[in-house]
Amino acid sequence: MRSVTILGATGSIGTSTLDLIERAPDRFRVEALTAHSDVAGLAAAARRTGARIAVIGDAARLPALREALAGSDTEAAGGAEAIVEAAARGADWTMAAIVGLAGLRPVMAALAAGATVALANKEALVSAGEIMIAAARDAGARLLPVDSEHNAVFQCYEPDPARIARIILTASGGPFRRASLEEMRGVTPAQAVKHPNWSMGAKISVDSATMMNKGLELIEAFHLFPVGADRLDVLVHPQSVVHSMVEYVDGSTLAQLGTPDMRTPIAHTLAWPQRMETPSARLDLAAIGRLEFEAADEVRFPALRLARAALRAGGARPAVLNAANESAVAAFLAGRIGFLDIAAIVEEVLAHYEPDAPTCLADVLAIDAEARLHAERRMERVTA
Ligand code: NAD
Ligand code: MG
């Protein structure tokens, strides 16, 4: 029996992870489940799986969680600190599926406990980069990539940079792949979160629409696969069948293919180095007929350009990029700014706030907080 913890158990990745675990109750035992505010979803998952502890991030909801868990064997806890403590309980395998930098301290706690961490929470790695990789190495912990592109690369990757010519991340291009800048100007949150291929949380759906998601994924790949920024490429592939590719120096290109169902990459990290069955639909390439590819357009999708520049500049830039983007996406979803303002705000914050490179976790959190303040100030101007 392997013990598993799911950070962000009520989200899109969290529920897909629960689905796999609940199909194999003889193989997995649930240690901890966490969520931000969905008491009913968290308590139901804890009851179904017999989790040892359930943690609600919003401490004001702890009484409601206690009530929802009454009569069960699951302990209840509340608050951001309790999530970090739950992550530190050292389950054999931890799914990091909190969205945004809010997931950073829990991920770091899981790594410090020496656990295997399946990483969906790309924002944490983008912002803390080298610090997170070093923490994993020092604790003897293992990071397994859940993001479909990075999981695809991981499956095709021979860990010797000298063999690798390029890593090619595929991108669906999102719902506005063919839209002009003028058409994108008036896009509503409801239109932006309607992804053509994947069903995901609101924040990552907006990131896919601006293509900031692919930018964050370039930075994520830089840390997971140390081949250097120059060997990381993006290729638009609207069908999301080829999840990414590794091109070797001998001209061989290896790709991982599958239907767009996150249970496949999650299962890969859950069973690794073995494989496990999943209910994911199988690929029917004859029915698909042909696969399409096109170059990415950094003029209509400036977020991609900004992320690439932040990656090359390094230091604190990725953390500033991520923080400004999180603030701007939240403001867009709240109807405070327009769709094109998201990348514009990120660009302005990057231009006006240039902190020193972080050397520890506290630095990353401070840079993140300060960059959000800068973004807020600029958004007040946009909405004034
Ligand atoms: P989601 O919004 O559906 O779920 C987010 C989860 O995090 C929820 O359980 C929520 O309760 C929790 N959470 C949110 N804010 C929190 C806070 N402040 N403190 C503690 N917990 C908090 O998001 P998602 O789509 O499941 O994405 C989760 C992560 O996985 C993101 O980093 C995303 O980029 C990444 N990811 C998602 C997909 C996907 O298909 N959904 C694919 C690749 C990567
Ligand atoms: Mg992805």
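The rules behind each value
Residues numbered from 1 in each chain as written. Chains lettered and ligands numbered in written order. Predicted model: local features only at pLDDT ≥ 70, side-chain atom pairs only at ≥ 80, totals over all residues. UniProt positions renumbered as here; feature names shortened; annotations may be inferred. Near = placed C-beta within 6 Å. Helix = DSSP H or I, 4+ residues; strand = E, 2+ residues; numbered from the N terminus. Nonpolar A, V, L, I, M, F, W, Y, C, P; charged D, E, K, R; others polar. Domains from an automatic or database assignment. Buried ≥ 20, exposed ≤ 12 C-beta atoms within 10 Å, placed from the backbone. Pairing = 2+ DSSP bridges. Right-handed = clockwise from strand over helix to strand, strands pointing away. Core = buried A, V, L, I, M, F, W, Y, C linked by C-beta atoms within 7 Å. Contact = placed C-beta atoms within 7 Å. Expected span 1.5 Å × (residues − 1). Axes fitted to C-alpha atoms, helices over the stretch in contact; angles between N-to-C directions. Parallel < 35°, antiparallel > 145°, perpendicular 65-115°, else oblique. pLDDT = per-residue confidence, 0-100.

- By the naming in an unreviewed UniProt entry, the chain is 1-deoxy-D-xylulose 5-phosphate reductoisomerase, taken from Sphingomonas morindae.
- Check the Function (unreviewed entry) section of the UniProt entry for the chain; it says "Catalyzes the NADPH-dependent rearrangement and reduction of 1-deoxy-D-xylulose-5-phosphate (DXP) to 2-C-methyl-D-erythritol 4-phosphate (MEP)."
- As stated in UniProt under Catalytic activity (unreviewed entry), the record for the chain gives "2-C-methyl-D-erythritol 4-phosphate + NADP(+) = 1-deoxy-D-xylulose 5-phosphate + NADPH + H(+)".

1. Description of the site of ligand 1
- Not every one of the 26 residues close to ligand 1 is listed here, only the nearest: Gly8, Gly11, Ala102, Met200 and Gly201.
- When residues of the shell around ligand 1 are traced back to their parent elements, those giving at least two are helix H1 (12–22) and helix H6 (122–139).
- With three residues, H1 is the single largest residue contributor to the shell around ligand 1.
- Among the residues making up the shell around ligand 1, the classes are represented as 13 nonpolar, nine polar and four charged.
- Inspection of the shell around ligand 1 shows a minimum of three residues originating in each of domain 1 (2–146) and domain 2 (150–262 + 296–383).

2. Topic: the UniProt feature "domain: 1-deoxy-D-xylulose 5-phosphate reductoisomerase C-terminal" (unreviewed entry) in the chain
- The positions that UniProt labels "domain: 1-deoxy-D-xylulose 5-phosphate reductoisomerase C-terminal" (unreviewed entry) are, in the present scheme, residues 143–225.
- Counting secondary structure, residues 143–225 comes out at 48% helix and 13% strand; the distance between its end C-alpha atoms is 11 Å.

3. So, the pairing of strand E2 (residues 28–35)
- A large share of E2 lies buried, amounting to seven of its eight residues.
- Two strands pair when backbone bridges link them, and strand E1 (residues 2–7) and E2 are joined in this way by six bridges, in the parallel orientation. Looking at the pairing, Leu7 lines up with Thr34 of E2.
- In terms of handedness, the path from E1 via H1 over to E2 forms a crossover that is right-handed.
- Crossover E2 to strand E3 (residues 53–56) through helix H2 (residues 39–49) is right-handed.

4. Structural notes on the nonpolar core
- Leu42, Ala54, Ala96, Ala118, Ala307, Ala324 and Val346 are the most contacted members of the largest nonpolar core, which totals 123 residues.
- It is helix H15 (residues 317–333) that contributes the most residues to this core, nine residues altogether.
- Non-local contacts of Ala324, meaning those with residues more than four positions away in its chain, are made with Ile345, Val346, Val349, Leu350, Ala371 and Ala375.

5. Re the environment of Gln274
- When you line up the elements, Gln274 lands in the loop between helix H12 (263–271) and helix H13 (285–288).
- C-alpha separation for the pair Gln274 and Gly14, spaced 260 residues apart in sequence, amounts to 21 Å.

6. Describing helix H14 (residues 302–313)
- End to end, H14 covers 17 Å across twelve residues, agreeing with the expected 16 Å (1.5 Å per residue, within 8%).
- Turning to H14, its buried residues are Pro302, Ala303, Leu304, Leu306, Ala307, Ala310 and Leu311.
- Gly314, located one to two residues past H14, shows a positive phi value of around 65 degrees.

7. Let's talk about the packing of helix H10 (residues 202–210) against helix H11 (residues 212–224)
- In contact at an axis separation of 5 Å, H10 and H11 are set at 95 degrees when each is read in the N-to-C sense. In terms of orientation, H10 and H11 fall into the roughly perpendicular class. Contact residues: H10 offers Ile204, Asp207, Ser208 and Thr210, while H11 offers Met212, Asn213 and Leu216.
- Class assignment of the residues belonging to the contact of H10 with H11 gives a composition of three nonpolar, three polar and one charged.

8. Observations concerning the environment of Arg66
- Structurally, the position occupied by Arg66 is in helix H3 (residues 62–68).
- Overall, Arg66 belongs to the partly exposed group, with 17 C-beta atoms counted inside 10 Å.
- Taking the C-alpha atoms as reference, Arg66 lies 8.2 Å from Ala77; in sequence the two are eleven residues apart.

9. Quick look at the confidence of the model for the chain
- Chain-level pLDDT for the chain is 97 on average; 100% of the residues reach the 70-or-more range.
- Among the prediction metrics, the complex's ipTM stands at 0.99, with pTM recorded as 0.98.

10. Structural notes on the domain arrangement of the chain
- According to the domain assignment, the chain consists of domain 1 (2–146) and domain 2 (150–262 + 296–383).
- Between the C-alpha centres of domain 1 and domain 2 there is a distance of 24 Å.
- Tallying the contact residues gives 20 residues for domain 1 and 25 residues for domain 2.
- With nine residues, the top contributor of residues to the side of domain 1 that touches domain 2 is H6.
- Tallied by class, the residues present in the side of domain 1 that touches domain 2 amount to twelve nonpolar, six polar and two charged.

11. Observations concerning unusual backbone geometry
- The residue after Trp272, namely Pro273, is reached through a cis peptide bond having omega 5 degrees.
- Within the secondary structure, Pro273 is located in the loop between H12 and H13.
- With phi around 70 degrees, Met211 is a residue other than glycine that occupies positive phi space.
- According to the C-beta neighbour criterion, Met211 is buried, with 29 such atoms within 10 Å.
- The backbone phi angle of Ser240 is positive, close to 50 degrees, even though this residue is not glycine.
- Position of Ser240 relative to the elements: it lies in the loop between strand E9 (232–236) and strand E10 (242–248).

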